[in-house]
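Residues per chain, in single letters:
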Amino acid sequence: QPHHVDRAICHGHYSVQGPHVTVTAKQEWQQVQFQMTILPTSHWGRFGALTLDRHLTCRSGKFEEYDAWPNDITEFPVPTGSSQVFQYVQDRRL
């Protein structure tokens, strides 16, 4: 039986440095990166909310501006303000 590949699934990784979270996922034609911040307090409690700070795509996968080819990185606008905070749900599997 041939191996079925689900094209909707993206493989990636995440890193946490203090309150800053970076999630990078690889698609066939590009890589996508989300840069977020864990908020120390919110109406969901301590460390219960995230803000989306940046949404980037890059064909080469080099998200550092000095490593990328000109026009290789595309930055998309993200909503800002307290109404754009979303709940962070802790999962013991992570």
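Residues numbered from 1 in each chain as written. Predicted model: local features only at pLDDT ≥ 70, side-chain atom pairs only at ≥ 80, totals over all residues. Heavy atoms only, no water.

1. Here we look at the overall build of the protein
The number of helices and strands found in the protein is 0 helices and 6 strands. Expressed as a percentage of its 94 residues, the buried residues of the protein come to 22%. Within the protein, contacts between residues separated by at least 24 positions form 30% of all contacts whose residues are at least 6 apart in sequence. Split by element, the accessible area of the protein, about 7,700 Å² in all, is 53% carbon and sulfur. (Helix = DSSP H or I, 4+ residues; strand = E, 2+ residues; numbered from the N terminus. Buried < 20%, exposed > 50% of the residue type's maximum accessible area, 1.4 Å probe, protein only. Contact = heavy atoms within 4.5 Å. Areas by Shrake-Rupley, 256 points an atom, 1.4 Å probe, with all protein chains shown as cover.)

2. Re the pattern of salt bridges
Applying the stated criterion across every chain yields a total of 1 salt bridge. When the shortest N-O distance is used, the salt bridge between Glu75 and Arg54 registers 2.9 Å. Placement of the pair is Glu75 in strand β5 (residues 73-76) and Arg54 in strand β4 (residues 49-58), with a sequence separation of 21 residues. (Salt bridge = Lys/Arg side-chain N within 4 Å of Asp/Glu carboxyl O.)

3. Examining the confidence of the model for the protein
Averaged over the protein, the pLDDT score is 80; the fraction of residues at 70 or greater is 77%. The spread of mean pLDDT over the elements of the protein runs between strand β6 (residues 86-87), the lowest at 67, and strand β2 (residues 20-26), the highest at 93. (pLDDT = per-residue confidence, 0-100.)

4. Points about the environment of Gln27
Residue position: Gln27 is located in the loop between β2 and β3 (31-39). Between the C-alpha atoms of Gln27 and Ile9, which are 18 residues apart in sequence, the distance is 8.5 Å. In this structure Gln27 touches Cys10 and Val32, once residues within four positions along its chain are discounted.

5. Remarks on the side chain of Asp72
With respect to the helices, strands and loops of the structure, Asp72 is situated in the loop between β4 and β5. For the buried Asp72, no salt bridge is present, and the opposite-charge side chain at shortest range is Arg59, 5.3 Å distant. At 3.2 Å, the side chain of Asp72 and the backbone nitrogen of Arg59 are in polar contact. Within the local environment of Asp72, its side chain forms a polar contact with the side chain of Ser60, the two groups lying 2.4 Å apart. Not counting the four nearest positions on each side in its chain, Asp72 is found in contact with Thr57, Cys58, Arg59 and Ser60. (Lys, Arg positive; Asp, Glu negative; His and termini not counted. Polar contact = N/O pair within 3.5 Å; in protein donor to acceptor, adjacent residues only side chain to side chain.)

6. A closer look at the pairing of strand β1 (residues 11-17)
Sparse coverage of β1 is indicated by the burial of 0 of its 7 residues. The sheet contact formed by β1 and β2 spans 7 bridges and is antiparallel. Note on β2: the bridge partner recorded for Gly12 is Ala25. Remark: 2 residues form the turn of the hairpin made by β1 and β2, two consecutive strands paired antiparallel; Gly18 in that turn has positive phi of roughly 65 degrees. (Pairing = 2+ DSSP bridges.)

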